[in-house]
Amino acid sequence: QVQLQESGPGLVKPSETLSLTCTVSEYSISSGYYWSWNRQSPGKGLEWIATINHGGSTYFNPSLKSRVTISVDTSKNQFSLRLTSVTAADTAVYYCARYLAIGFYFDFWGQGTLVTVSS
Amino acid sequence: QSALTQPPSASGSPGQSVTISCSGTSSDVGGYNYVSWYQHHPGNAPKLMIYEVSKRPSGVPDRFSGSKSGNTASLTVSGLQAEDEADYYCSSWTPSTYVFGTGTRVTVL
């Protein structure tokens, strides 16, 4: 079955840029579907960040849109997240997931990676 | 768009049933049949349990069921088992964003 694995720095300084990559296995991103990033801040619920499809069409949470870039690299079967000007409020476990645009749900998730924003 | 409202906790003894509510508005839960539920054991990947209000993915036990009435969706776990102890999140698609619930910790007594 589809597997997703997040990777990237676990510590980012305030005002800098958070960069994460999700590597997908057992499924070719170029074959279709949509791909998303979600996060969960300590003690809080889940939050959708952004979604991209294999063709590069993107969708963003309006509250984060100005700071977020999402991209896909089909040659590496990966998709990535960049979040600029981070603050302590961006400290969270970041999850990548596959998203079905028919039905609007996430059917496979990664285990998540903790990113702490601190100097 | 505010998070959907769930009770912080719910509990039941093995074999009993527990129902978790997910309260939204006519702009999210009440407006579309695109409510899904996720089970999350901390440290693991979240798992899809219900999609499109009441549909179960392959492999999810039929002890899990979903429903919706007005602006409130519900997840019922029947015949509680120890492995059902986890956090549960509802979610809803809207034309402008995607919103999750606040989460419910289910404890099997």
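Note that the coordinates shown come from a computational prediction; the quantities given were computed from them, not determined experimentally.

## Comments concerning the state of the cysteines
Per the stated rule, a full pass over the model turns up two disulfides over all chains. Disulfide partner of A:Cys22: A:Cys96, at an S-S distance of 2.1 Å. Judged by the sign of its S-S torsion, about 65 degrees, the bond between A:Cys22 and A:Cys96 is right-handed. Here A:Cys22, found in strand β3 (residues 18-25), pairs with A:Cys96, found in strand β9 (residues 92-100); they are 74 residues apart in sequence, far enough to count as distant. Residue classification places A:Cys22 among the buried residues on the basis of a relative accessible area of 0%. Between the sulfur atoms of B:Cys22 and its disulfide mate B:Cys90 the distance is 2.0 Å. Since a negative S-S torsion denotes a left-handed disulfide, the B:Cys22-B:Cys90 link at about 75 degrees is right-handed. With a gap of 68 residues between them, B:Cys22 in strand β2 (residues 18-23) and B:Cys90 in strand β7 (residues 86-93) connect regions that are remote in the sequence. With respect to class, B:Cys22 is no different from B:Cys90; both count as buried.

## Here's the deal with the environment of B:Ser92
All names here are of chain B. Mapped onto the elements of the fold, Ser92 is located in strand β7. Taking the C-alpha atoms as reference, Ser92 lies 5.7 Å from Tyr34; in sequence the two are 58 residues apart. If near-sequence neighbours (up to four positions away) are discounted, Ser92 is found in contact with Leu4, Asp28, Val29, Tyr34, Tyr98 and Val99.

## Some points on the interface of chain B and chain A
By a frequent convention, interface size equals the accessible area lost on bringing the separate parts together. Contacts between chain B and chain A engage 19 residues on the former and 21 residues on the latter. Broken down residue by residue, the surface that chain B buries against chain A is led by B:Pro46, B:Tyr98 and B:Phe100, which jointly contribute 32%. Across the contact surface, chain B and chain A share zero salt bridges. Applying the counting rule to chain B against chain A returns four residue pairs in polar contact (both at pLDDT 80 or more).

## Brief notes about unusual backbone geometry
Residues and elements named next belong to chain A. A positive phi is found at Glu26, a non-glycine position, where the angle reads about 70 degrees. Tracing the backbone through its elements, the reader meets Glu26 in the loop between β3 and β4 (34-40). According to the relative accessible area criterion, Glu26 is exposed, its value standing at 62%. Positive phi is not limited to glycine here, since Tyr33 has a value of about 70 degrees. With respect to the element layout, Tyr33 can be found in the loop between β3 and β4. The partly exposed category is assigned to Tyr33, whose relative accessible area is 34%.

About the criteria used
Residues numbered from 1 in each chain as written. Chains lettered and ligands numbered in written order. Predicted model: local features only at pLDDT ≥ 70, side-chain atom pairs only at ≥ 80, totals over all residues. Heavy atoms only, no water. Disulfide = S-S within 2.5 Å. Helix = DSSP H or I, 4+ residues; strand = E, 2+ residues; numbered from the N terminus. Buried < 20%, exposed > 50% of the residue type's maximum accessible area, 1.4 Å probe, protein only. Contact = heavy atoms within 4.5 Å. Buried area = accessible area lost by both parts, 1.4 Å probe. Salt bridge = Lys/Arg side-chain N within 4 Å of Asp/Glu carboxyl O. Polar contact = N/O pair within 3.5 Å; in protein donor to acceptor, adjacent residues only side chain to side chain.

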